[in-house]
Amino acid sequence: LTGRAAISITLNFPEILYELTSNPSNCHIISWLPHGKGFVIHDKQLFASEILTRHFDGAKFTSFTRRLKRWKFKRVPSGPDMGAYYNKSFVRDRLDLVSSM
């Protein structure tokens, strides 16, 4: 350090997930639902090998889904968004809501 304090910004789980979901280069793996009030994982195997390995300490998919539950994400059981995940504070273009989780 050269006299300045080092600032470490640590993102929490939903903030990391928000950034990954919002990144267009990941849209073939994970993306927002068209209405922006949830997300869907398109390819679980790619998600595990590309996303979990790099951004979630190599966690297994089941560990990732347990973490979603701890952060109050719900899985959509039926209908057009079946298999997607949502949380009332996890909304596209509303990082302010995500940061308050």
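Data block above holds the structure.
Before going into details, it helps to say that this report is about the structure given with it. (Residues numbered from 1 in each chain as written. Predicted model: local features only at pLDDT ≥ 70, side-chain atom pairs only at ≥ 80, totals over all residues. Heavy atoms only, no water.)

**A closer look at the overall build of the chain**
Then, number 1: Tallying secondary structure elements over the chain gives four helices and four strands in all.
Then, number 2: Its helices and strands taken in sequence order, the chain reads α-β-β-α-α-β-β-α from the N to the C terminus.
Then, number 3: Dimensions of the chain along its principal axes, counting C-alpha atoms only, are 55 × 30 × 25 Å.
Then, number 4: Of all 101 residues assigned to the chain, the portion counted as buried reaches 36%.
Then, number 5: The long-range share in the chain, meaning contacts at least 24 apart out of those at least 6 apart in sequence, stands at 44%. (Helix = DSSP H or I, 4+ residues; strand = E, 2+ residues; numbered from the N terminus. Buried < 20%, exposed > 50% of the residue type's maximum accessible area, 1.4 Å probe, protein only. Contact = heavy atoms within 4.5 Å.)

**Observations concerning the nonpolar core**
Then, number 1: Counting residues in hydrophobic clusters, the biggest one holds 20 residues, and the most contacted among them are Leu17, Phe39, Ile41, Phe47, Phe64, Leu68 and Phe90.
Then, number 2: Every element with two or more residues in this core is listed here: helix H1 (13–22), strand E1 (30–32), strand E2 (39–41), helix H2 (44–55) and helix H3 (61–70).
Then, number 3: The element best represented in this core is H1, accounting for four residues.
Then, number 4: Setting aside its immediate chain neighbours within four residues, Phe47 contacts Ile29, Ile30, Ile41, Leu52, Phe61 and Phe64. (Core = buried A, V, L, I, M, F, W, Y, C linked by side-chain atoms within 4.5 Å.)

**Examining the environment of Leu20**
Then, number 1: Relative to the elements of secondary structure, Leu20 occurs in helix H1.
Then, number 2: Along the sequence, Leu20 and Ile51 sit 31 residues apart, while their C-alpha atoms lie 8.1 Å from each other.
Then, number 3: If we skip the residues at most four places from it in the chain, Leu20 touches Asn26, Ile30, Ile51, His55 and Phe56.

**Remarks on a positive patch on the surface**
Then, number 1: A contiguous patch of positive charge, built from Arg66, Arg67, Lys69 and Arg70, is present on the exposed surface.
Then, number 2: Tracing the chain through its elements places Arg66 in helix H3.
Then, number 3: For Arg66, a relative accessible area of 46% gives the class partly exposed. (Patch = residues over 30% accessible without salt bridge, like charges linked within 9 Å, V, L, I, M, F, W, Y side chains within 5 Å. Areas by Shrake-Rupley, 256 points an atom, 1.4 Å probe, with all protein chains shown as cover. Salt bridge = Lys/Arg side-chain N within 4 Å of Asp/Glu carboxyl O. Lys, Arg positive; Asp, Glu negative; His and termini not counted. Charge placed at Lys NZ, Arg CZ, Asp CG, Glu CD.)

**Comments concerning the side chain of Ser89**
Then, number 1: Within the element layout of this structure, Ser89 appears in the loop between strand E4 (85–86) and helix H4 (95–99).
Then, number 2: On the basis of relative accessible area, Ser89 is assigned to the buried category, the value being 17%.
Then, number 3: In this view, Ser89 contacts Leu97, Val98 and Met101; residues no more than four positions away in its chain are not counted.

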